[in-house]
Amino acid sequence: MLLACAVDRNYVELAGVMLRSCHLNGNIPDVEFLVLGDGLSRKDKRNIEIAAARTVTFIDMTDEMIGKVRGLRTTSYWSRATYGRLILPELLDGKHKRLVYLDADTIVKHDISHLFALSMADALMAAVPIKPQDFLEKRNHALGRESLTPYFNAGVLVVDVEKWNIEKLTKKAFELLATNQFDFLDQDVLNVLATDRLISLDWRWNAQKEIDYSSAVIVHFIHDKPNTLVCQHPEKNTFLAYRDETPWANRPLLTKRDKFIRTLKHSAKKRWKKLSSLWHG
């Protein structure tokens, strides 16, 4: 059994805290933790493993993997590591039947063993559908689907790895990305692939915009991240309590200036890549 995430260096701290919460609360002592990393240093990996309090398997994004995502849209918060969700099932071919994927900006508050025992039947994925009707209809219109087709947030996923690889869906996913402009990148693609093949999970498994989080199993910080000063999320203190047990316990929370610098660096990298492709094109 396997639980995985995909991150670059900007999300190392969040990934470490997320895995810490999984270890403490998830009731999954025999589940392997795996991190697909884009440019992680030895120190990054060591800190994540210390936080997780168990062995973590690391896979570095190779030139071949990076080649698959080169040219695809990214932002300062949606890095190329976000496409790791589409690569991971292919990497696991023949090794694992099921993948439970959690975004780094989540925390686990209660038992998640259900996700590893869930019967997938003929479904390809299990995830939590998004609730707002207007957003649902807008996304489905953009994807050419029936207006009431469930559309899920991809921060918490259960994937049938065997079905995925039999149908060569990593290849299909990148073909879709190469020929279409998706507003929500890999999340849109995952929804397309899972059309009519989704098990809908209760909101508690990917709680995002709730008033009361007391029943939430997995909390997802979809906007301001809990390691920033600007975050006002009701579960920020829960995150910080787990963080206090990790190598980032005494690290200052990120400021608006840090966010601005990060955005600036991302823009500079994109401009450099564009210039480089022109010079070599």
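This text follows the structure it describes.
Cut-offs and rules
Residues numbered from 1 in each chain as written. Predicted model: local features only at pLDDT ≥ 70, side-chain atom pairs only at ≥ 80, totals over all residues. Heavy atoms only, no water. Buried < 20%, exposed > 50% of the residue type's maximum accessible area, 1.4 Å probe, protein only. Helix = DSSP H or I, 4+ residues; strand = E, 2+ residues; numbered from the N terminus. Contact = heavy atoms within 4.5 Å. Salt bridge = Lys/Arg side-chain N within 4 Å of Asp/Glu carboxyl O. Axes fitted to C-alpha atoms, helices over the stretch in contact; angles between N-to-C directions. Parallel < 35°, antiparallel > 145°, perpendicular 65-115°, else oblique. Left-handed = near helix turned anticlockwise from the far one by under 90°.

### A closer look at helix H4 (residues 84-91)
Working step 1: Of all 8 residues making up H4, 6 are buried, and the element is well covered by its neighbours.
Working step 2: What H4 keeps buried is the set Gly-84, Arg-85, Leu-86, Ile-87, Leu-88 and Pro-89.

### Thoughts on the environment of Leu-91
Working step 1: Of note, Leu-91 is situated in helix H4.
Working step 2: With 97 residues separating them along the chain, Leu-91 and Asp-188 place their C-alpha atoms 21 Å apart.
Working step 3: If near-sequence neighbours (up to four positions away) are discounted, Leu-91 is found in contact with Leu-36, Ile-59 and Met-65.

### Some points on the pattern of salt bridges
Working step 1: Here the structure, examined in full by the defined rule, presents 18 salt bridges.
Working step 2: Where Lys-68 meets Glu-90, a salt bridge forms, and the shortest distance between an N and an O atom there is 2.8 Å. Of this pair, Lys-68 sits in helix H3 (residues 63-69) while Glu-90 sits in helix H4, and the two are 22 residues apart along the sequence.
Working step 3: Among the residues examined, Lys-68 registers a relative accessible area of 30% and is labelled partly exposed.
Working step 4: On the basis of relative accessibility, which here comes to 34%, the residue Glu-90 falls in the partly exposed class.
Working step 5: Salt bridges sharing partners connect three or more residues here, namely Glu-13, Arg-243 and Arg-251.

### As for the packing of helix H1 (residues 12-25) against helix H2 (residues 42-52)
Working step 1: Where H1 meets H2, the axes come as close as 7 Å, and the angle between the chain directions of the two elements is 25°. Compared by their axis directions, H1 and H2 come out roughly parallel. Our pair here, H1 against H2, has a crossing hand that is right-handed. Mapping the contact onto sequence places Val-12, Gly-16, Leu-19, Arg-20 and His-23 in H1 and Asp-44, Ile-48, Ala-51 and Ala-52 in H2.

### Regarding the environment of Thr-106
Working step 1: Summarising the element assignment, Thr-106 is placed in strand E5 (residues 106-108).
Working step 2: Judged by relative accessible area, Thr-106 falls into the buried class, the value being 1%.
Working step 3: Thr-106 sits 133 residues away from Phe-239 along the chain, and the two C-alpha atoms are 8.9 Å apart.
Working step 4: Sequence-distant contacts of Thr-106, that is, excluding residues within four places in its chain, are made with Met-18, Gly-155, Ile-218, Val-219 and His-220.

Just geometry here; none of it tells us what the structure is for.
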